[in-house]
Structures are given as structure tokens and as C-alpha cells.
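Letter by letter, the chains look like this.
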Amino acid sequence: MKKRVVVTGMGVITAIGVDIKSFWDSVLSGKSGVKRIRRIDTTDLPVKIAAEIDNFDPSDLLPGEKISRMDLFSQFAMTAALEAARDSRLESDEMGKEKIGVILGTSVGGIYSHEKAAKDLFTKGYKHVNPLTIPLVINNAAAFHLAAHFGFIGPNFTITTACTSASNAIGESYKMIKNGYADVMMTGGADAPLSPVCLAAWCKLRALSLQNDDPEGSCKPFSLNRDGLVLGEGAGVLILEEMDRAIKRNAPIYAEITGYGNNNDAFHLTHPSLDQEVKAMEMAIEDAGIDKNEINYISAHGTATKINDRTETIAIKSVFGEGAYKIPVSSVKSMVGHTLGASGAIGLIATILGMKYNRLPPTINYHVPDPECDLDYVPNKPREANINAALSNCFGFGGVNASLIIRKVVN
Amino acid sequence: MGTGVTEIESRVKKVIANILMIDEGTISNNSTIAELGGDSLAALGILSALEQEFDIRISDADAAKISSCGTAIEVVNKILTS
């Protein structure tokens, strides 16, 4: 018998809020986190904007020695994880930690520490390479730090599927509990891509917005005048739990995860495939065992590149037919930027908060409709609405597609 | 600049040949990058190699005009003479 899986805790850190409350307040006020990049020198780069987290100081949360052993992406993950565990009251849980695991997503992992070591080696020499570089850089460092901090000795691994990483991590965690391999999973994603080489490399892909003079207005998913994605950074962490266990310990229950679909385009590294996006959504709907017409909100991948937004719009229309025009679709990337391996978790958290507070997150900077993107994108302002079931999409480089379905839990 | 069109032409061909790993002799001005076996990622490689070869910056608007050897020559020539 399959188990039911619920969300019992959430934590987040983004450029528009460093915890759930500040994040949600910013979403409701349609705030953009995009600004001129301060962390690194962008003099020689065509792109000078990103959704950078200001004044991040992890010393409020952790002792200095622990911090020095974590790359920024692990620090973001830990910040969100501490909030999620507190929210879920997991730390006072005494039901055993053998079947509590961690699956995180990250796209570029410890790239900042990697680049720093490379610079030290090439400019100063071997003696100057940080001996902790490997433990800082490995993609599963964040998942280790979370497990070690909370004593979670169950399954632990990290998924790297570019922009789909967090959705895959959440989906695999859901399967782990559904099939009885774990009771609780700490899951989500973290990324810190604002390092010199990483940013330069993204510029070379010519996929980034060049609106340096209007940072807050730069990220325009689904608008005709969209000109590319804006990089962001941060983390989103969720606690997934077997429903009976959550009820037994009287944990907060935010939503039930009921469906997960994932596949690959096997077509092109960076160019999306319409058919496989459609199939990922259909797989999730089939897994959830619901009538697709019950879905009344879609958290879009919505990157603000020409090709993504057009393809995703067509894919949604081919899944839902005429019904697509009645489903509100929005992209929180318009506010938090594209946080790569964290984006699936941050999008899902915004969806769950929308479900809880009966508000749809807006797509900000939507001023010029695109005839090819003709759905209801919840333009610029949040909207009062009751979300009963929602679909959350992630379509990443490497042709990786993942869709998740959540439902409201009725007591 | 002292850079004649024919010299630009031969340097552009060399860049395209290097990125696509094909013989320069197979490239005519009319050949599109797709016909020569390149996809969108190869096109990014060609743009970057042209920027290095001629020490120029190619805007996204100009990049969108480059679909063949001939259009690449036109764009490089325009940037160098502007």
C-alpha cells in the first residue's frame, strides 16, 4: 500500500526575503530582487545585474568554523534547512532518525570555491590552494552538512539536473516516502552561481537579460519584450513526511504531494522539446490520479527566455486544451531571478504559500502581452483565489523535465 | 584599419572551420552554419571565436543576423568599419 506524502515544513532564502515571512511579503508586494551585482567585478561583462542576496551573514545561525567549511551554496541550504526544521518542529521529534533522509538539488554546487582555488593556483601557486577546496566544492556537500547537523542517517544524495535539480530532488524524495523507504525527507535545492567564471559563462550563452539600466524591471517572463533570464541565488528546503506520522506528532500540514512526472528530451542540450514537456505534465497528472480540470494554478518554469516561455505556453495548452485559458499561470522568477538548482523548490514553496493564504503569486514586469504567450499569467499583482490543486514545472538544460502536483489537505 | 574584405573573409572562414572541425575549402560564403553541420551551440562557439579573432564585441542583435559565412563576414566588416 502506497503511503501519502505531505509537506510539514518550509524554509527559504532568496534576494527578496531571507525567510518564509519576508519572502511571502515580498511576493505579495510584487518586489523584484534584481539589482546591480556587488559581490564580484562585472566591469568586463555585458551583464551587470542579478538577484543577489544582500548582507547575508550566516554567523547568526552557525559558528564561524562551520561556516568556513561551507561554500555559499551550502550556507544557503543550511539557512533554509534550519527554518524548515523549526517550522516542522522536527528537532523535538523523537521518532528516530534512521528513516529520515536528505535529497538536495544543485546545479553548480561549490563553483565559487572552485574558482577561488583555481585563481589561487594559477596566480599565486600551489602553496596557496585552500586544503578544504574539495569538501567545499563537491555538489553533495550541502546535503552532508544538513544530515550531519540534524543527525539524519537515512538516504542521502544530491541531484544535479541543471534548472530541474530541486524538482527532481523533491520528486525523488516523494517517491522515497510513498514507497516506504523513508518516513521523512529534507529536500529542495540550493545554488550560488554569482561567481566570476560562472557569470561570464552564462553571458557567453547569450541567454541573460541585458537590461542593466533597469534591474528591477529586467526579468519579464511571458512578456513580448522579454530578453532573457536573470540569474539569482538562494535555497528552498521542504520537509516531506509520511502523512500518518505527521498527524501522529501533530506537525503542521501544508499540502500533499500527489504527483511527479519526469523525463528527458534526448534531443538538444539547451533547446527545449515541446513533446517531452507535455509528457512530463501528463505523467504527473496520471501519477496524481486526478482529473486535470481540478488543477487551478500552475507555477511555471517561466524563465523569460524567448524560447522557454513560448514552448511552455504551447505545452500547457496542449495538456489542458481550451481549459488552459482558465488556469492562472505565474513565474516567481520574475522576482527572485533564476536560482537554477534551487528554483523548483522556491517555486513550489511559493505555490504552497499561495494555497495556504489563498493568494496567487504574480508574474511581475508583465506589461507587453505576447500573442504567442496568451494565457493568464497573473500580471503584476497577486490575486485572491483558492488553490485546490497545483502543478509546478521545471524544464532544465540537458533536456530534463519535471512536473510536480500538490493538493490542499482537507482535515 | 588596413583590413581588406578578402582578409576578413579568409579569417572568418578559418574561425568557422576550426569550430566546426571541417576543411576550410568546403566553406563558401553562401553556406549556412546548419548546412556545414553546426547547431545553436556551435553558433555560440563561432560568435565567441570571432570576438577573439577580431577583438570585437558582437551584440545579440548582430549575432542574430549571423546564419552563414557570408552574413558573419558582413557583421564583422560592419563592426570593424563603424
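See the structure above.
Residues numbered from 1 in each chain as written. Chains lettered and ligands numbered in written order. Predicted model: local features only at pLDDT ≥ 70, side-chain atom pairs only at ≥ 80, totals over all residues. Heavy atoms only, no water.

Observations regarding the pairing of strand β6 (residues 184-191) of chain A
All names here are of chain A.
Thinking step 1. Burial runs high along β6: eight of the eight residues are buried.
Thinking step 2. Along β6, one buried face is formed by V184, M186, G188 and A190 and the opposite face, lined by M185, T187, G189 and D191, is buried too.
Thinking step 3. Pairing between strand β4 (residues 100-105) and β6: six bridges, direction parallel. Residue G105 lies in a different strand from β6, and its bridge partner there is G189. (Buried < 20%, exposed > 50% of the residue type's maximum accessible area, 1.4 Å probe, protein only. Helix = DSSP H or I, 4+ residues; strand = E, 2+ residues; numbered from the N terminus. Pairing = 2+ DSSP bridges.)

Thoughts on helix α3 (residues 72-87) of chain A
All names here are of chain A.
Thinking step 1. The first and last C-alpha atoms of α3 sit 23 Å apart over 16 residues, in line with the 22 Å expected at 1.5 Å per residue.
Thinking step 2. The buried fraction of α3 is high, at 14 of 16 residues.
Thinking step 3. Between the side-chain oxygen at the start of α3 and the backbone nitrogen of F73 there is a gap of 2.9 Å, and the oxygen is on D71.
Thinking step 4. Once α3 finishes, R89 follows within two positions and takes phi at roughly 55 degrees, a positive value. (Expected span 1.5 Å × (residues − 1). Polar contact = N/O pair within 3.5 Å; in protein donor to acceptor, adjacent residues only side chain to side chain.)

Here's the deal with the pattern of salt bridges
Thinking step 1. Counting across every chain of the model gives 27 salt bridges over all chains.
Thinking step 2. The shortest N-O distance in the salt bridge between D183(A) and K99(A) comes to 3.9 Å. Taken together, the residues D183(A) in the loop between α7 (165-178) and β6 and K99(A) in the loop between α3 and β4 connect sequence positions 84 residues apart.
Thinking step 3. Take D183(A): its relative accessible area is 26%, and that puts it in the partly exposed class.
Thinking step 4. Here E51(B) ties to R206(A) by a salt bridge, and the two come within 3.2 Å at their closest N and O atoms. Here E51(B), found in helix α2 (residues 40-54), pairs with R206(A), found in the loop between α8 (196-204) and β7 (234-242), and the two come from separate chains. (Salt bridge = Lys/Arg side-chain N within 4 Å of Asp/Glu carboxyl O.)

Regarding the side chain of S330(A)
Thinking step 1. Counting through the fold element by element, S330(A) comes out in strand β10 (residues 329-330).
Thinking step 2. With residues up to four places along the chain from it excluded, the contact list for S330(A) reads Y297(A), I298(A), S299(A), A300(A), P361(A), P362(A), T363(A), Y377(A) and V378(A). (Contact = heavy atoms within 4.5 Å.)

Description of the side chain of S273(A)
Residue and element names in this part refer to chain A.
Thinking step 1. The residue S273 is located in the loop between β8 (255-264) and α10 (274-288) in this model.
Thinking step 2. Residue class for S273 comes out buried when judged on its relative accessible area of 13%.
Thinking step 3. In contact with S273, not counting residues within four places along its chain, are D265 and F267.

Observations regarding the sheet that holds strand β9 (residues 297-299) of chain A
All names here are of chain A.
Thinking step 1. The strand order across the open sheet built from ten strands is β5-β4-β6-β7-β1-β8-β14-β13-β9-β10, with neighbouring strands paired in mixed fashion. The open sheet terminates on both sides in strands that have one partner only, identified here as β5 (156-159) and β10.
Thinking step 2. Looking at chain direction, β6 and β7 are connected through eight bridges and run antiparallel. Across the sheet, the residue bridging to G189 is G236, located in β7.
Thinking step 3. The strands touched by α3 are β1 (5-13), β4, β6 and β7; relative to β1, the strand with the most contacts, the crossing angle is about 130 degrees.
Thinking step 4. Along the sheet, helix α11 (residues 306-320) contacts β9, β10 and β13 (389-396); its crossing angle with β13, the most-contacted strand, is approximately 140 degrees. (Axes fitted to C-alpha atoms, helices over the stretch in contact; angles between N-to-C directions.)

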